[in-house]
Amino acid sequence: LHRVVTTRLFTLGADLPPWLVAGYKKKDAAELIRLYHSQGKLEAASDLAIEYLEAVMGKGGEYFGLESSLMANQRPAWVPWTVLDRLFLELADNVAIPALSTAMKRLEKTVDKYLNTVERVSRDMVARA
């Protein structure tokens with residue numbers, strides 16, 4: 001239902017209402033990123049991807065329905081790497097557009113921060129074993 005409503009609103013050229021975005025984030029953030037991307041809303045897709053990665057790292061997980069964050073003593077959270085890879089490719093193809101170049105740099109910085117956090121947490125998990 002979320003996907004149908006979102007696609008229809010995009011078809012009409014309408015912005016998504018905040019209540020729909022909030023519900024979709026909890027239901028399937030990766031799908032929402034894909035929909036933004038498929039509609040050419042690359043900045044919105046990038047912003048949502050950044051927000052999701054930060055949630056996985058512990059900042060705002062409640063907005064995505066995440067029960068835990070990235071810590072050695074908690075269950076791991078899923079990250080939609082294929083969706084992020086496709087978004088990176090699209091952003092890279094459009095770096096001549098200043099807003100998209102900025103979005104790509106912000107997303108790269110967040111992914112680097114995430115990967116550093118994963119490395120630290122992995123070391124902590126090994127040390128605890």
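Scoring rules and cut-offs
Residues numbered from 1 in each chain as written. Predicted model: local features only at pLDDT ≥ 70, side-chain atom pairs only at ≥ 80, totals over all residues. Heavy atoms only, no water. Axes fitted to C-alpha atoms, helices over the stretch in contact; angles between N-to-C directions. Helix = DSSP H or I, 4+ residues; strand = E, 2+ residues; numbered from the N terminus. Left-handed = near helix turned anticlockwise from the far one by under 90°. Contact = heavy atoms within 4.5 Å. Nonpolar A, V, L, I, M, F, W, Y, C, P; charged D, E, K, R; others polar. Core = buried A, V, L, I, M, F, W, Y, C linked by side-chain atoms within 4.5 Å. Buried < 20%, exposed > 50% of the residue type's maximum accessible area, 1.4 Å probe, protein only. Salt bridge = Lys/Arg side-chain N within 4 Å of Asp/Glu carboxyl O.

S.K.: So what exactly am I meant to see when it comes to the packing of helix H4 (residues 81-93) against helix H5 (residues 98-128) here?
M.R.: Two packed helices can be described by the angle between their axes and the distance between those axes. Packing of H4 against H5 brings their axes to within 9 Å, and their N-to-C directions diverge by 145°. Considering how the two elements wind past one another, H4 and H5 form a crossing that is left-handed. In this structure, H4 contributes Trp81, Leu87, Phe88, Leu91 and Ala92 to the contact, and H5 contributes Leu100, Ala103, Met104, Leu107, Glu108, Val111, Tyr114 and Leu115. Tallied by class, residues from the contact of H4 with H5 come to 12 nonpolar, no polar and 1 charged.

S.K.: In this structure, what is going on with the nonpolar core? I would like to understand it.
M.R.: It is characteristic of soluble globular proteins that their nonpolar side chains tend to be buried jointly. Judged by nonpolar contacts, the single largest core of 37 residues is most densely connected at Leu16, Tyr36, Leu87, Leu91 and Leu107. For this core, the secondary-structure elements that each account for two or more residues are helix H1 (2-11), helix H2 (18-38), helix H3 (42-56), H4 and H5. The contacts of leucine 87, once residues within four sequence positions are left out, are Ile33, His37, Leu42, Ala45, Ser46, Ala49 and Leu107.

S.K.: What is the right way to read the pattern of salt bridges from this model?
M.R.: Oppositely charged side chains can pair when the atoms bearing their charge come close. What the rule picks out here adds up to 5 salt bridges. We note a salt bridge from glutamate 51 to lysine 25, for which the minimum N-O separation is 2.6 Å. Placement of glutamate 51 in helix H3 and of lysine 25 in helix H2 is noted, with a sequence separation of 26 residues between them. Linking arginine 120 and aspartate 124 is a salt bridge whose minimum nitrogen-to-oxygen distance equals 3.8 Å. Taken together, the positions of arginine 120 and aspartate 124, both in helix H5 and 4 residues apart, correspond to about one turn of that helix. Here arginine 120 falls in the partly exposed class, since its relative accessible area comes to 40%. A relative accessible area of 33% places aspartate 124 in the partly exposed class.

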